[in-house]
Every structure is written in structure tokens, then in C-alpha cells.
Amino acid sequence: MWTYDPEAEGTYVYLHGPIPPGGAVRTVTADDAMVNFDLDKDGKVIGIEILAAWPGEHGLEHEQGPSEGEHSGENEDSG
């Protein structure tokens, strides 16, 4: 499952479904703060934040999606 926020120009990928409050106990930043990995208490990656515009977003007006501009989808291969 993933979400995209066009205002923040950020995508968040949930690796094992929704993260409960307090589920991410540590964030590791990589790639000049463009990619952040959220880790659980065991040090396993549970989510990935990517701070970059969605392809085609720059210089173009975008339509608001069904949830007020937040795109979401699921990767069928994620199991």
C-alpha cells in the first residue's frame, strides 16, 4: 500500500500494511533527506518515505484525486 501527497511532494510506502501509532520507533535518512526508512522496535523496515514530486507534477496543474489529492494504491506483488 502507498500514498502520495502532492502538496508535500511525498510518497509513503507501507511494507506491511498500516503502521500503528508508535509502530515506527526510529527513522533512518538516506539520499540527502530524499528517502527515509521507518523501522520497528526490532530494526526492520516497515515504511519508506520518498520526498520527490510525482512524475509529471512539475509545471502542470494536477487533478484532485478521489481523496482530495492523495493518490493511493496497492502493489499486487506485495503479498
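Residues numbered from 1 in each chain as written. Predicted model: local features only at pLDDT ≥ 70, side-chain atom pairs only at ≥ 80, totals over all residues. Heavy atoms only, no water.

**Examining the pattern of salt bridges**
Per the stated rule, a full pass over the model turns up one salt bridge. Measuring nitrogen to oxygen at the nearest pair gives 3.9 Å for the salt bridge that ties D42 to K41. Take D42 and K41: they sit in the same class, and that class is exposed. (Salt bridge = Lys/Arg side-chain N within 4 Å of Asp/Glu carboxyl O. Buried < 20%, exposed > 50% of the residue type's maximum accessible area, 1.4 Å probe, protein only.)

**Brief notes about the environment of M34**
Within the fold, M34 resides in the loop between β3 (26-30) and β4 (35-39). Measuring from C-alpha to C-alpha, the distance between M34 and E49 comes to 8.0 Å, with 15 residues separating the pair along the chain. Once residues within four sequence positions are removed from consideration, M34 is found in contact with E49, I50, L51 and A52. (Helix = DSSP H or I, 4+ residues; strand = E, 2+ residues; numbered from the N terminus. Contact = heavy atoms within 4.5 Å.)

**Quick word on the pairing of β4**
Consecutive side chains of a regular strand alternate in pointing toward one face of the sheet and then the other. The buried fraction of β4 is high, at four of five residues. Note: β3 against β4, five bridges, orientation antiparallel. Pairing of T29 across the sheet is with N36, part of β4. Taking the residues that link successive antiparallel strands as the turn, the β3-β4 hairpin has four residues, and the phi of D31 there is positive, at about 55°. Bridge analysis of β4 against strand β5 (residues 45-51) gives five bridges, and the strand direction is antiparallel. When the bridges of β5 are listed, V35 appears paired with I50. Between β4 and β5, which pair antiparallel one after the other, the connecting turn spans five residues, and G43 there sits at a positive phi close to 85°. (Pairing = 2+ DSSP bridges.)

**Observations regarding the confidence of the model for the chain**
Per-residue confidence for the chain gives a mean pLDDT of 77; residues scoring 70 or more make up 68%. Here strand β6 (residues 71-73) stands out as the least confident element of the chain, with mean pLDDT 46; β4 is the most confident, with 96. (pLDDT = per-residue confidence, 0-100.)

**Notes on the environment of V13**
Considering the arrangement of structural elements, one finds V13 in strand β2 (residues 10-14). On the basis of relative accessibility, which here comes to 26%, the residue V13 falls in the partly exposed class. As a C-alpha pair, V13 and F37 span 24 residues in sequence and 9.6 Å in three-dimensional space. Dropping the residues within four chain positions of it, V13 is found in contact with M1, W2, I46, G47 and I48.

**Here we look at the environment of T3**
Positionally, T3 belongs in strand β1 (residues 2-5). Residues T3 and V13, spaced 10 residues apart in sequence, show a C-alpha to C-alpha distance of 6.7 Å.

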